[in-house]
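# Fold and geometry: a report
Take a look at the letters that make up each chain.
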Amino acid sequence: MFKDNWIQALAQFETQGIPCVMVTVLEDKGSVPRGAGTKMLVTEEDVIATIGGGHLEHIAMKTAREMLINADTDMKVEQFNLGARLGQCCGGMVTLSFEPIGQPRHVLAVFGAGHVAKALIPILATLPFKVYWIDEREAQFPNHIPSNIEKWVTDDPVAEVSSLPENAMYLVLTHNHQLDFDLARAILKRGDSRYFGMIGSLSKRKRFDYRLLERGFSQDAVNTMICPIGIASVKGKHPAEIAVSVAGELIACYQGETIGSKRPTTSTNNDSQENDVTRPAIEPLKLKAQQGSHPE
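Residues numbered from 1 in each chain as written. Predicted model: local features only at pLDDT ≥ 70, side-chain atom pairs only at ≥ 80, totals over all residues. Heavy atoms only, no water.

In the annotation of an unreviewed UniProt entry, the protein is listed under the name Xanthine dehydrogenase accessory factor and assigned to Enterovibrio norvegicus DSM 15893.

Here we come to the sheet that holds strand β10 (residues 195–198). Strand pairing in a sheet relies on backbone hydrogen bonds. The paired strands run either parallel or antiparallel. The parallel open sheet is built from six strands, whose spatial order is β8-β7-β6-β9-β10-β11. Here the strands that pair on one side only, and so sit at the sheet edges, are β8 (149–153) and β11 (225–226). Where strand β9 (residues 169–172) and β10 come together, four bridges link them in parallel fashion. Residue pairing across strands places Tyr 170 opposite Phe 196, the latter belonging to β10. Relative to strand β7 (residues 129–135), helix α3 (residues 115–124) is tilted by about 160 degrees, and along the sheet it contacts β6 (106–111), β7, β8 and β9. Contacting β6, β7, β9, β10 and β11, helix α8 (residues 239–254) runs over the sheet at an angle of about 165 degrees to β9. (Pairing = 2+ DSSP bridges. Helix = DSSP H or I, 4+ residues; strand = E, 2+ residues; numbered from the N terminus. Contact = heavy atoms within 4.5 Å. Axes fitted to C-alpha atoms, helices over the stretch in contact; angles between N-to-C directions.)

On the secondary structure map, Thr 224 appears in the loop between α7 (219–223) and β11. The class for Thr 224 is buried, based on a relative accessible area of 6%. (Buried < 20%, exposed > 50% of the residue type's maximum accessible area, 1.4 Å probe, protein only.)

Aromatic ring pairs are defined here through the distance separating the ring centres and the angle between the ring planes. Under the defined criterion, the tally for this structure stands at four aromatic pairs. When the ring of Tyr 132 is compared with that of Trp 152, the centres are 4.7 Å apart and the planes differ by 45 degrees; the resulting orientation is tilted. Residue Tyr 132 is found in strand β7, and its partner Trp 152 is found in strand β8; the two are separated by 20 residues along the sequence. Residue classification places Trp 152 among the buried positions, given a relative accessible area of 17%. Relative to Phe 208, the ring of Phe 181 lies with its centre 5.4 Å away and its plane at 85 degrees, an arrangement referred to as edge-to-face. Of the two residues, Phe 181 is situated in helix α5 (residues 177–190) and Phe 208 in helix α6 (residues 202–214); the sequence distance between them amounts to 27 residues. Residue classification places Phe 208 among the buried positions, given a relative accessible area of 2%. A cation sits over an aromatic face here: Lys 39 above Trp 6, 5.8 Å from the ring centre. Between Arg 211 and the ring centre of Phe 181, over which it is positioned, the NZ or CZ distance is 3.7 Å. (Phe/Tyr/Trp six-rings, centres within 6.5 Å; stacked < 30°, edge-to-face > 60°. Lys NZ or Arg CZ within 6 Å of the ring centre and 35° of its normal.)

In structure tokens, the structure reads:
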């Protein structure tokens with residue numbers, strides 16, 4: 001017996017703010033597992049109801065989850081030949097629609113669970129993000145973590161970079177400068193970050209620029225690193241002030257605004273954004289970050 005309880009599940013997803021893709025059999029010809037009008041809901045973790053199982057359902061689930069990862073908002077329609085294309089014995093034809101429902105979420109990896117991260121996470125939880133919050137120290141995480149924030153406790157944060165999806169956003173807020181640098185190398189080597197921000201002062205930025213260039217990264221690749229982070233006109237040393245500023249920058253990014261690399265053009269003494277302190281009051285350079293070549 002098929003469990004077509006998708007209506008109740010859809011209402012629950014809406015209440016909880018969980019995006020999903022509704023897969024619908026629009027048309028069927030010949031021998032097919034299920035007829036027109038059959039629906040299935042796919043989230044990042046769950047599948048509700050069925051369009052008949054088999055390879056067709058597997059491909060439909062994969063397509064739906066790729067749409068969720070990419071935050072697609074447009075419906076797509078595909079036709080499937082159950083014999084030639086999918087190797088199923090039915091031999092019929094099925095047309096499926098894939099309809100994104102709910103607010104799309106942008107994948108963001110936050111490295112570090114210090115004061116700024118703790119102030120930022122509750123803000124991110126109210127925005128269309130799927131956040132992976134990563135740190136080596138279990139004790140640093142608060143007891144309550146919002147449902148769209150996934151805690152990763154790991155002995156090797158740098159290794160986690162390779163497990164994140166394409167075009168993810170990265171925010172480095174760790175307590176350790178060497179870890180920051182190692183994360184920067186891993187993120188830049190991937191070469192596909194949608195946003196890569198790192199907390200730090202202009203002097204830290206200069207040091208990291210030099211070290212990254214010495215290790216073979218191109219200037220264009222290094223320029224994709226945003227440091228200092230946050231909206232320059234929002235000043236203050238309090239973690240909450242920094243968090244609001246950084247959240248504003250992340251919102252601007254997913255809304256399609258170009259974020260300047262903020263590389264210094266002149267020397268300044270106002271460069272005190274280090275771990276959990278303030279940003280310099282400089283305007284970002286209006287340079288479009290481009291992905292450059294990177295070393296192996």
